[in-house]
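# Structural description and commentary
Chain by chain, the residues run as shown.
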Amino acid sequence: MCPGLRLQRACPCRIRLAKQNDGPEILRLVQQNLLPHEPLLRSLNIDATPAGGQLVEYIGTYLREGFTLLAQDERDRIVGAAIGKRSCPWDGKQLLELADRTRCNQLRKLLYIWSIVEAEPNLHQRFCTRCLYEVSGGRPSIAFLMTAVDSQRQGIGLHLTLHSLQLARALGFRFARMNCSCEYSARIAAKAGLERHWTVAYHHLVDSTEQPVVHPEPPHTHIQVHATTLFPGCPLNRHAGN
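Read on for an overview of the structure.

Rules used in this analysis
Residues numbered from 1 in each chain as written. Predicted model: local features only at pLDDT ≥ 70, side-chain atom pairs only at ≥ 80, totals over all residues. Heavy atoms only, no water. Buried < 20%, exposed > 50% of the residue type's maximum accessible area, 1.4 Å probe, protein only. Helix = DSSP H or I, 4+ residues; strand = E, 2+ residues; numbered from the N terminus. Arc of directions from axis to C-beta. Contact = heavy atoms within 4.5 Å. Phe/Tyr/Trp six-rings, centres within 6.5 Å; stacked < 30°, edge-to-face > 60°. Pairing = 2+ DSSP bridges. Axes fitted to C-alpha atoms, helices over the stretch in contact; angles between N-to-C directions. Parallel < 35°, antiparallel > 145°, perpendicular 65-115°, else oblique. Nonpolar A, V, L, I, M, F, W, Y, C, P; charged D, E, K, R; others polar.

What follows concerns helix α1 (residues 23–34). Within the sequence span of α1, burial applies to Gly23, Ile26, Leu29, Val30, Asn33 and Leu34. Taken down its axis, α1 places every buried residue within 120 degrees of arc, on the same side.

Here it is in structure tokens:
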């Protein structure tokens, strides 16, 4: 079993794979809990601009193309979701190209930040692999992890992350990454056994006038990228095959 996959306490919810007809409820979870509360999105005022609707559509593509796990409470209400995806070396470039085509200023800034986070850690070259499984980004990153506001502090995010790592292992991935855009997600990554491989302070992300692009409130001062090996005998401190 790979590091961090031992559940520390029983999950208060049932974790299951998402079905096609879960899409609308997941997107409602995004609109009601992710957009207005995630520190990076809140700093960019995404929810109060046209970028909010565009971002919801963007996340919808991951529901169709990615690997989504849901957390349901005793009333069968969806109170959490983890949208995983295949992370490829060219993802950063594609995000940069998408940002260049985006007219909405707030969404363009967000996509530029995501492109940096995806490309700069250079994990694919470091691990000599063409693809990794990408878990959440805290509340978002390139893939997404979210918990309903009224269901937080119950360990749901951690259990969704651990189950995502188990799913990645079952799918045959050797490595997994987690992009953490806030302090809360970084803590989840550490509890799940992922190691921090890259970090940047938000005030170092500047525009053409050398002014910071975003100002998330403390303690959300850095973006971090964590990663782990999913199989014994594949340590992250040396290169491994695909």
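A few words now on the environment of Leu44. When you line up the elements, Leu44 lands in the loop between α2 (39–43) and α3 (51–65). Residue classification places Leu44 among the buried positions, given a relative accessible area of 5%. Taking the C-alpha atoms as reference points, Leu44 and Leu107, 63 residues apart in sequence, are found 8.2 Å from one another. Leaving out residues up to four positions away in the same chain, Leu44 has contacts with Gln106, Lys109, Leu110, Val213 and Val214.

A separate point is the environment of His204. Tracing the backbone through its elements, the reader meets His204 in the loop between β7 (195–201) and β8 (222–229). Accessibility expressed as a relative area gives 54% for His204, which makes it exposed. Sequence separation between His204 and Val214 is ten residues; the distance between their C-alpha atoms is 9.6 Å.

Inspection of the entire model under this criterion finds eight aromatic pairs. Residues Tyr58 and Tyr62 carry aromatic rings whose centres are separated by 5.5 Å and whose planes lie at 85 degrees to one another, so their mutual orientation is edge-to-face. Residue Tyr58 and its partner Tyr62 are located together in helix α3, separated by four residues, close to a single helical turn. On the accessibility criterion, Tyr58 (18% relative accessible area) is buried. Under the relative-accessibility criterion, Tyr62 is labelled buried at 9%.

All right, on to the pairing of strand β3 (residues 78–87) then. Burial analysis of β3 places nine of its ten residues in the buried class, the great majority of the element. Taken together, the six bridges between strand β2 (residues 67–72) and β3 define a ladder with antiparallel strand orientation. Bridging from a neighbouring strand, Gln72 pairs with Ile78 of β3. The turn joining β2 and β3, which pair antiparallel and follow one another in sequence, is formed by five residues; a positive phi near 65 degrees is taken by Asp76. By the bridge criterion, four bridges tie β3 to strand β5 (residues 144–147) in an arrangement that is antiparallel. Across the sheet, Ile83 pairs through a bridge with Phe144, a residue of β5. Of the pairings in the sheet, the one linking β3 to strand β4 (residues 132–134) comprises three bridges and is antiparallel in character. When the bridges of β4 are listed, Arg86 appears paired with Tyr133.

Taken N-terminus to C-terminus, the directions of α3 and helix α5 (residues 105–119) make an angle of 40 degrees; their axes are 9 Å apart at the nearest point. As summarised for this structure, α3 and α5 are arranged oblique, according to the angle between their axes. In this structure, α3 contributes Ala51, Gln54, Leu55 and Tyr58 to the contact, and α5 contributes Gln106, Leu107, Leu110 and Trp114. Residues that form the contact of α3 with α5 fall into these classes: six nonpolar, two polar and no charged.

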